[in-house]
Amino acid sequence: YPTIRCTVTQDFGFKDAEKKIPIAVTTSLHDSTSFWIATWGRGLCRINRSTGERKYFLPGKTDQDNYINDVVFFNGEILVGNFSGLLRFDLVTQKFKPFKQLTDPSLVRLPVAGIAKDDHSNVWISLIGDNGVLKYDSAHGSFQRFTLKDTGSFHLPFRHFTGWAQSSDGVIYIGYNRSKGIACYRQGQDRFEPCLVGAVGNYDDQVNCLLTDGPFLWIGSNSGLCRIEPSSGKTEFYTRKEGLNCN
């Protein structure tokens, strides 16, 4: 197995220098001119790819505002999810704006754990706690909500998702880091269903992150890395024995 050497090229300093609490990086995006880094503590950071110059953009004045959990490009903007809800970041004005399409007062301020965009330009929004998942249909401006409480239509087998991926044939896979297994959604369905994708039945572990790669689904968990071929059920596991620095 190849060896990967990591070098720290950007140091974001400390949120609290006295207590040595570092600024945490949660996720990132990039375009032709910039890297966009989501942080816990300093909001959204833009790094100029040519000069390395950094600029920080704060959604608000509190930690709840400036702890960003996820970002995704969408319709010429960046959608931003933090502990105060869902925001838009205008790449031209470089200002944060409310996500006005979300008008339900009971949903507007719910904390966002993750955001994903599928091949049909739907946006999937993971809401922290038992608040489930929102599907935003950008073509029609409508929302659907999937929760654990719904036992029929709009059922979600988890509280929300921490891992999301879409395969080349359109199947959406989700997982949660405090529950075992994987659930699937196919276009036209009205609910998520548990997936029988492993060689011995259900994938029986929690999910931190998901990635599709051709015919394979990669699953990151606290037990290591798993690669599954859903069409055949072939499953391979990678742990410290195979070269991971930790599980």
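Every value quoted in this text rests on a predicted model; they were computed, and no experiment measured them.

### Description of the overall build of the chain
Line of reasoning, step 1. Along its length, the chain carries two helices and 22 strands.
Line of reasoning, step 2. The buried share of the chain, taken over its 247 residues, is 43%.
Line of reasoning, step 3. A fraction of 39% describes how many contacts in the chain between residues 6 or more apart in sequence connect residues 24 or more apart.
Line of reasoning, step 4. Carbon and sulfur atoms provide 50% of the accessible area of the chain, an area that totals close to 13600 Å².

### Overview of the sheet that holds strand β19 (residues 209-213)
Backbone hydrogen bonds hold the strands of a sheet together, and the pairing may be parallel or antiparallel.
Line of reasoning, step 1. The four strands are arranged β19-β20-β21-β22 in an open sheet whose pairing can be described as antiparallel. Taken across any chain shown, the strands that pair with only one partner, and hence form the sheet edges, are β19 and β22 (234-238). On average, each strand axis in the sheet is tilted by 20 degrees relative to the strand beside it, whichever way the strands run.
Line of reasoning, step 2. Note: strand β21 (residues 224-229) against β22, five bridges, orientation antiparallel. Within the sheet, the bridge partner assigned to Glu229 lies in β22 and is Lys234.

### Regarding the environment of Leu225
Line of reasoning, step 1. In this fold, Leu225 is placed in strand β21.
Line of reasoning, step 2. On the basis of relative accessibility, which here comes to 27%, the residue Leu225 falls in the partly exposed class.
Line of reasoning, step 3. Note: C-alpha distance between Leu225 and Glu236 (11 residues apart in sequence) is 8.5 Å.
Line of reasoning, step 4. Beyond its immediate sequence surroundings of up to four residues, Leu225 is in contact with Trp218, Ile219, Gly220, Glu236, Phe237, Tyr238 and Leu244.

### Considering the pattern of salt bridges
Oppositely charged side chains can form a pair if their charged atoms are brought close together.
Line of reasoning, step 1. Evaluated as defined, the whole model comprises six salt bridges.
Line of reasoning, step 2. A salt bridge links Asp130 to Arg159; the nearest nitrogen and oxygen atoms lie 2.6 Å apart. Taken together, the residues span a long stretch of sequence, with Asp130 in the loop between β12 (122-127) and β13 (133-137) and Arg159 in the loop between β14 (142-146) and β15 (163-166) at a distance of 29 residues.
Line of reasoning, step 3. Note on Asp130: relative accessible area 42%, which makes it partly exposed.
Line of reasoning, step 4. Note that Arg191 and Glu193 form a salt bridge whose closest N and O atoms lie 2.9 Å from each other.
Line of reasoning, step 5. The network of salt bridges with shared partners includes Arg227, Lys234 and Glu236.

### Overview of the state of the cysteines
Note on terminology: disulfide describes a covalent bond linking the sulfur atoms of two cysteines.
Line of reasoning, step 1. Inspection of the entire model under this criterion finds one disulfide.
Line of reasoning, step 2. With a sulfur-sulfur separation of 1.4 Å, Cys184 is cross-linked through a disulfide to Cys195. Within this pair, whereas Cys184 is found in strand β17 (residues 183-185), its partner Cys195 is found in the loop between β18 (193-194) and β19, the two being separated by 11 residues in sequence.
Line of reasoning, step 3. Judged by its relative accessible area of 2%, Cys184 falls in the buried class.

### Observations concerning the packing of aromatic side chains
Line of reasoning, step 1. Enumeration over the complete set of coordinates arrives at 17 aromatic pairs.
Line of reasoning, step 2. Centroid distance Trp124 to Phe192: 5.7 Å. Interplanar angle 75 degrees. Geometry classified as edge-to-face. Residue Trp124 is located in strand β12, and its partner Phe192 is located in the loop between β17 and β18; the two are separated by 68 residues in the primary sequence.
Line of reasoning, step 3. Overall, Trp124 belongs to the buried group, its relative accessible area being 0%.
Line of reasoning, step 4. Its relative accessible area of 1% is what places Phe192 among the buried residues.
Line of reasoning, step 5. Site record: aromatic cluster; members linked through ring pairs are Trp124, Phe146, Phe154, Tyr185 and Phe192.
Line of reasoning, step 6. Here the basic side chain of Arg42 rests over the ring of Tyr56, its NZ or CZ set 3.7 Å away from the ring centre.
Line of reasoning, step 7. Here Arg227 stacks its cationic end above the ring of Phe216, 3.9 Å away from the centre of that ring.

### Observations regarding the sheet that holds strand β4 (residues 34-40)
Line of reasoning, step 1. If you walk across this open sheet you meet the four strands as β3-β4-β5-β6, and the pairing is antiparallel. With one partner strand each, in any of the chains shown, β3 (24-30) and β6 (54-57) form the two edges of the open sheet. Averaged over all pairs of adjacent strands, the angle between strand axes in this sheet comes to 25 degrees, irrespective of strand direction.
Line of reasoning, step 2. Bridge analysis of strand β5 (residues 44-48) against β6 gives four bridges, and the strand direction is antiparallel. Within the sheet, the bridge partner assigned to Ile47 lies in β6 and is Arg54.

The rules we used
- Residues numbered from 1 in each chain as written.
- Predicted model: local features only at pLDDT ≥ 70, side-chain atom pairs only at ≥ 80, totals over all residues.
- Heavy atoms only, no water.
- Helix = DSSP H or I, 4+ residues; strand = E, 2+ residues; numbered from the N terminus.
- Buried < 20%, exposed > 50% of the residue type's maximum accessible area, 1.4 Å probe, protein only.
- Contact = heavy atoms within 4.5 Å.
- Areas by Shrake-Rupley, 256 points an atom, 1.4 Å probe, with all protein chains shown as cover.
- Pairing = 2+ DSSP bridges.
- Axes fitted to C-alpha atoms, helices over the stretch in contact; angles between N-to-C directions.
- Salt bridge = Lys/Arg side-chain N within 4 Å of Asp/Glu carboxyl O.
- Disulfide = S-S within 2.5 Å.
- Phe/Tyr/Trp six-rings, centres within 6.5 Å; stacked < 30°, edge-to-face > 60°.
- Lys NZ or Arg CZ within 6 Å of the ring centre and 35° of its normal.

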